[in-house]
Structures are given as structure tokens and as C-alpha cells.
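Summary of the model geometry
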Amino acid sequence: MSDFRESDPTHLAEAVRAGDRRALARAITLIESTRADHRATAEALLAALLPFTGDSVRLGISGVPGVGKSTFIEAFGLHVIGLGHKVAVLAVDPSSQRTGGSILGDKTRMVDLSREANAFIRPSPAGATLGGVARRTREAMLICEAAGFDVIVVETVGVGQSETAVADMVDLFMLLLLPAGGDELQGIKKGIVELADLVVVNKADGDLAATARHTVADYRHALTLLRHGDWRVPVLSCSAVHKNGVDAIWDTIGEHKAITQANGQRATRRADQARAWLWSEIRETLIDRFRAHPAVRADLARLEADVTAGAMIPTTAARALLGSFLGESVVP
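Quick look at the structure, then.

Definitions and cut-offs
Residues numbered from 1 in each chain as written. Predicted model: local features only at pLDDT ≥ 70, side-chain atom pairs only at ≥ 80, totals over all residues. Heavy atoms only, no water. Helix = DSSP H or I, 4+ residues; strand = E, 2+ residues; numbered from the N terminus. Buried < 20%, exposed > 50% of the residue type's maximum accessible area, 1.4 Å probe, protein only. Contact = heavy atoms within 4.5 Å. Areas by Shrake-Rupley, 256 points an atom, 1.4 Å probe, with all protein chains shown as cover. Axes fitted to C-alpha atoms, helices over the stretch in contact; angles between N-to-C directions. Parallel < 35°, antiparallel > 145°, perpendicular 65-115°, else oblique. Nonpolar A, V, L, I, M, F, W, Y, C, P; charged D, E, K, R; others polar. Phe/Tyr/Trp six-rings, centres within 6.5 Å; stacked < 30°, edge-to-face > 60°. Lys NZ or Arg CZ within 6 Å of the ring centre and 35° of its normal. Expected span 1.5 Å × (residues − 1). Arc of directions from axis to C-beta.

Secondary structure assignment for the protein chain yields 12 helices and 9 strands. For the protein chain, the proportion of its 332 residues judged to be buried stands at 45%. Restricting to contacts in the protein chain with at least 6 residues of sequence separation, those with at least 24 account for 72%. Of the roughly 16,600 Å² of accessible surface on the protein chain, 54% is carried by carbon and sulfur atoms.

Before going further, it helps to spend a moment on the packing of helix α6 (residues 137–146) against helix α10 (residues 265–292). To characterise two packed helices, one gives the angle between the axes of the helices and the distance between these axes. At a minimum axis distance of 11 Å, the contact between α6 and α10 shows a crossing angle of 130 degrees. When the axes of α6 and α10 are compared, the pair comes out oblique. Across the interface between the two elements, R138, E139 and L142 of α6 pack against W277, S280 and E281 of α10. Here the residues of the contact of α6 with α10 sort into 2 nonpolar, 1 polar and 3 charged.

One can find V57 in strand β1 (residues 57–63). It is 6.1 Å that separates the C-alpha atoms of V57 and D150, two residues lying 93 residues apart in sequence. Residues within four places of V57 in sequence aside, it is in contact with D150, V151, I152, D171, I253 and K257.

Positive phi, normally seen in glycine, also occurs at K203, with a value near 60 degrees. Looking at the secondary structure, you find K203 in the loop between β6 (198–201) and α8 (209–222). Residue K203 is classed as partly exposed on the basis of its relative accessible area, which comes to 31%. Residue K243 is not a glycine yet carries a positive backbone phi of 60 degrees. Looking at the secondary structure, you find K243 in the loop between β9 (235–237) and α9 (246–262).

On to the packing of aromatic side chains. This structure, assessed with the given rule, holds 4 aromatic pairs. Here F72 and F76 contribute two aromatic rings whose centre-to-centre distance is 5.7 Å and whose plane-to-plane angle is 20 degrees, an arrangement assigned as stacked. Here F76 and F72 lie together in helix α4 (residues 69–82), a separation of 4 residues that amounts to about one turn. On the basis of relative accessible area, F72 is assigned to the buried category, the value being 0%. Where F290 meets F325, the ring centres are 5.5 Å apart and the plane angle is 65 degrees; that geometry is what we call edge-to-face. One end of the pair, F290, is in helix α10; the other, F325, is in helix α12 (residues 314–326), and 35 residues separate them in sequence. You can call F325 partly exposed: its relative accessible area is 23%. Pairwise contacts between aromatic rings join F72, F76 and W250 into one cluster. It is R17 that lies over the ring of F52; its NZ or CZ is 3.8 Å from the centre. Between K86 and the ring centre of F149, over which it is positioned, the NZ or CZ distance is 4.7 Å.

Another point: α8. Over its 14 residues, α8 extends 20 Å from the first C-alpha to the last, a length consistent with the 20 Å expected when each residue adds 1.5 Å. Buried within α8 we find A212, T215, V216 and Y219. Summarising the axial view, the buried residues of α8 lie within an arc of 100 degrees, below the 170-degree limit, and thus occupy one face. Turned more than 90 degrees from where α8 packs its buried face, R213, H214 and H221 sit exposed.

Structure (C-alpha cells):
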């Protein structure tokens, strides 16, 4: 039995630092809670753990449904653990509209990795948060780092126009692609390709091996001029099922870390991410406070009904609700 009290952030922080896996799971549950008293405890917990964070390699992985993200992460995680590292996977799952919980549950799809003593897999529901990540993914990363995990993998829900927030919280953003050709290459949004630090074509085996080689060549040509500072974005291939090419991907991640540490880009990127986190938290907290405000709640249903019925333009309704929130008299 773990010797800590959930209400005491100091005890919980000590248990997390000692490698207590139950404490780690409870700490993440605590920071994901929306209760006001839990939020205060969570902030105290994060403050206690902050000095012990920052030393991990933070990776974000995204890709279209069916590209094999979970299979790849399992093969990648087992390889990295074999080299002596500890791997934490924060898998953001689609949310049930009824319960708000995770629909898929990645632990069921990473059976071998979940059995490893040096692996930790945490599925979290995306909820209403856009960008393919959960609202508290950043905090969960810090807790895992403080618990001694030196490779943190964030798996996003999938690829879409909003699947870019993960790039604002990791050191390297990896985009997984399926072998494709011709017009199929246009299936991935240009914006997310430009955000990628590493592009990997998965399922490069069997009947798809030749197609994968062509896809790699096409993307290498398309990304010839794309650079992130001193880093030229590489395009690699792998077969996660057969565990081929995973070692080259890890070596490339090491090269990226060495280059960005040497030129200061890694430190700059993390500083920018901290600033982005600040403003993200301000925006989301303001929206929470706005929705909970008594005057807003009193008028929201009526004004929403007027807007959806076409009786009022959204800007007028928004101005009225903001006036209620700010204590200003605005008559719609």
C-alpha cells in the first residue's frame, strides 16, 4: 500500500518521485480533475515536482486513423526500453459524448509494452479540447518526468485541421504516414506536414513495400526546402509490425536532440511552449469562468436559442453575454 495522502501534495510528490506507480496514476487523475479543491492541490503538487522535470525527450506522434500509431509506439517503446530508458506513453483517446471517458483505451492495444516494468501507459479522454491532446497533457508530462521516465510519448487522437497542439508541447513532432501515391499524398493537411520534425512512412512491408519506397521519395522531394532552423526534416520508413526501421528512427531522434541542444533551439522551443501553455490556460480558464457565471447562465439558453433560430446574429448575443460576465449593461 502506498504511504501517501492524496490531499497532501507533499506526500504525493514524494511518492511520485520514489517511483510509486499508484501514486503516479493518482497524481495524473488529480491534475485531470476539474474540481476547484483538486485544482488547488494539483497546482501545489506540480510546484513541488517542477524542479525534477525537464530532462526527458518529449515526443509527439500523430497520424491518420489506421496508420498504426499504437503498433508503432509499442515497437518503439520496447526498443527504447531495451536500450535502458524508461518510457511513458500519454495516449489521448476520442471521448464518449455520453460519459466523457476514453472510447478506445490504448492499454488494450499495447499489450506487450504495458507489461514492461519501465513503461507507463496512460489513456486520457480528449474531451472538448482541440488539437488532439487532453487539456492536462502538459501537466501529465511533467509528472511522468518527475517519476523518472526519460522518454515521454504523446499520441494524439489523429490527424485533422486542429491536430497541431501537440507540436507546442514536445521536443520533436513525428508524423506517421501510410504508403500512398499520386493524389493520395494530398490526404494529409499541408499545415501539419510543415509542423513535423520527422516524417515516417509506416507499414513498409509486404505488398506495400514498393509503395512505401515511392512515398518516402515523394515526401523527401516535397520537403526538400523545409527546415526547422539547422534541422532538415528527414523522411524515413519502417514496419512497426516487423520492428524494422525503429532503430534508425530512435537514432534520428538522438541526432535531433544533439543538434537542437547545441544551437539552443531546444531551450528556445521549450520557453516558447511554456508561454503558449500560459495563454492556453488563461483562455480555457476564462471560458470555464464565463460559462459558470450566474448572469451568463441565466441568459445563455435564451440567447443560444435566438441565434440558432436566426432571430439574432451571434456577435450581438456574444456582446450581451460578455456584458453580463463583465457586469456591464448590454441589452441585446
